[in-house]
Amino acid sequence: DTGVSQDPRHKITKRGQNVTFRCDPISEHNRLYWYRQTLGQGPEFLTYFQNEAQLEKSRLLSDRFSAERPKGSFSTLEIQRTEQGDSAMYLCASSPLGGHTDTQYFGPGTRLTVL
Amino acid sequence: KQEVTQIPAALSVPEGENLVLNCSFTDSAIYNLQWFRQDPGKGLTSLLLIQSSQREQTSGRLNASLDKSSGRSTLYIAASQPGDSATYLCAPGREAGKSTFGDGTTLTVKP
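Here the residue index of a chain counts from 1 through its sequence in written order. Written order determines the labels here, with chains lettered from A and ligands numbered from 1. In view of the model being predicted, local features appear only for residues whose pLDDT reaches at least 70, and side-chain atom pairs are presented and counted only at 80 or more, with totals across whole chains, interfaces and linings using the full set of residues. Side-chain numbers come from the whole structure's heavy atoms, not from hydrogens or water.

(A) Quick look at the nonpolar core. In this text, buried Ala, Val, Leu, Ile, Met, Phe, Trp, Tyr and Cys residues form a nonpolar core when linked through side-chain atoms within 4.5 Å. Each residue is assigned to one of three classes by its accessible area relative to the maximum for its type, calculated with a 1.4 Å probe on protein chains only: buried under 20%, partly exposed between the two thresholds, exposed over 50%. Formed by 21 residues in total, the largest nonpolar core has its most connected members in B:Phe25, B:Leu33, B:Trp35, B:Leu75, B:Ile77, B:Tyr88 and B:Leu107. When residues of this core are traced back to their parent elements, those giving at least two are strand E3 (19-25), strand E4 (32-38), strand E5 (44-51), strand E7 (62-67), strand E8 (72-77), strand E9 (86-93) and strand E10 (105-110) of chain B. The element that contributes the greatest number of residues to this core is E3(B), accounting for four residues. With residues near it in sequence (within four places) discarded, B:Tyr88 still touches B:Gln6, B:Leu21, B:Phe36, B:Arg37, B:Leu47, B:Leu75, B:Ile77, B:Gly104, B:Thr105 and B:Leu107. Ranked by size, the runner-up nonpolar core spans 19 residues in total, among them A:Val19, A:Cys23, A:Leu46 and A:Cys92. Secondary structure elements follow DSSP: runs of H or I of four or more residues count as helices, runs of E of two or more count as strands, with numbering from the N terminus. We call two residues contacting when some pair of their heavy atoms lies within 4.5 Å.

(B) Fine view of the interface of chain A and chain B. Taken together, the 24 residues of chain A in the interface contact 22 residues of chain B. The junction of chain A with chain B conceals about 1800 Å² of combined surface from both sides, 50% of it contributed by carbon and sulfur atoms. Residues adjacent in sequence count toward polar contacts only when both atoms are side-chain atoms; beyond that, a polar contact is any pair of N or O atoms within 3.5 Å, and within protein one must be able to donate a hydrogen and the other to accept it. Applying the counting criterion to the chain A and chain B interface returns six residue pairs in polar contact (both at pLDDT 80 or more). Contributing elements (two or more residues each) for the side of chain A that touches chain B: strand E4 (31-37), strand E5 (44-50) and strand E9 (88-95) of chain A. As a working definition, buried area equals the accessible area (1.4 Å probe) given up by two parts on being put together, with both sides summed.

(C) Structural view of the state of the cysteines. Residues and elements named next belong to chain B. Two cysteine sulfur atoms form a disulfide, by the criterion used here, when they sit within 2.5 Å. With the rule as written, the count across this model stands at two disulfides over all chains. Linked covalently through their sulfurs, Cys23 and Cys90 form a disulfide whose S-S length is 1.9 Å. Looking down the S-S bond of the Cys23 and Cys90 bridge, the torsion is -50 degrees, so its handedness is left-handed. Placement of Cys23 in strand E3 and of Cys90 in strand E9 is noted, with a sequence separation of 67 residues between them. Residue Cys23 is classed as buried on the basis of its relative accessible area of 3%.

(D) Region of the structure containing the side chain of B:Ser99. Take B:Ser99: it is sitting in the loop between E9 and E10. Residue B:Ser99 is classed as buried on the basis of its relative accessible area, which comes to 4%. Within polar-contact distance, the side chain of B:Ser99 engages the side chain of A:Gln104 at 3.1 Å. When near neighbours in sequence (up to four residues on either side) are disregarded, B:Ser99 contacts A:Tyr35, A:Phe45, A:Gln104, B:Ala91, B:Pro92 and B:Gly93.

As structure tokens, this is what we get:
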């Protein structure tokens, strides 16, 4: 088991461009979460999936953001028309079921810089 | 809305010292609470998970306690080492494993 992986690790883009990030969770983990973290702050919840179903989206996830998990395995997070305020670390985590005893396992993150 | 506060924001100690990191949260209706470690520019590593029905958990030199009714948790690190230097994040979790994070305590352990 290689843990949660994220790709790319770093992305620099110009304002107005679209970007897409990928997350591969630990195999057989049903729950997948996306968080956003800015410098000096803790991660903020964006959205989560139970298998392929997206069950909740934070108010932070504007209509420029879309996330998918098409076959209940990997997930993608797309940001359209990026803005400088989107610059942050985007973290993905997975857990077996999301129950009381389930630890969340985090990936290394994708650092986005919008110029 | 859950609010999580971690005190102190930064802490510097000499090697070998025992220390306590504090976390408080406003909504006691939690399923569990996790403590994570984050190294600069990296993802998060889970250290300990305490279920809402538990009072504490231990792993090696780490001990975490939970007082759900008062909305408090502490992380105790014994005999600190330079390798413990990192940011420590507290995250009370609600249903479906969704967690709210504090802004962390940045620990520096000096050799």
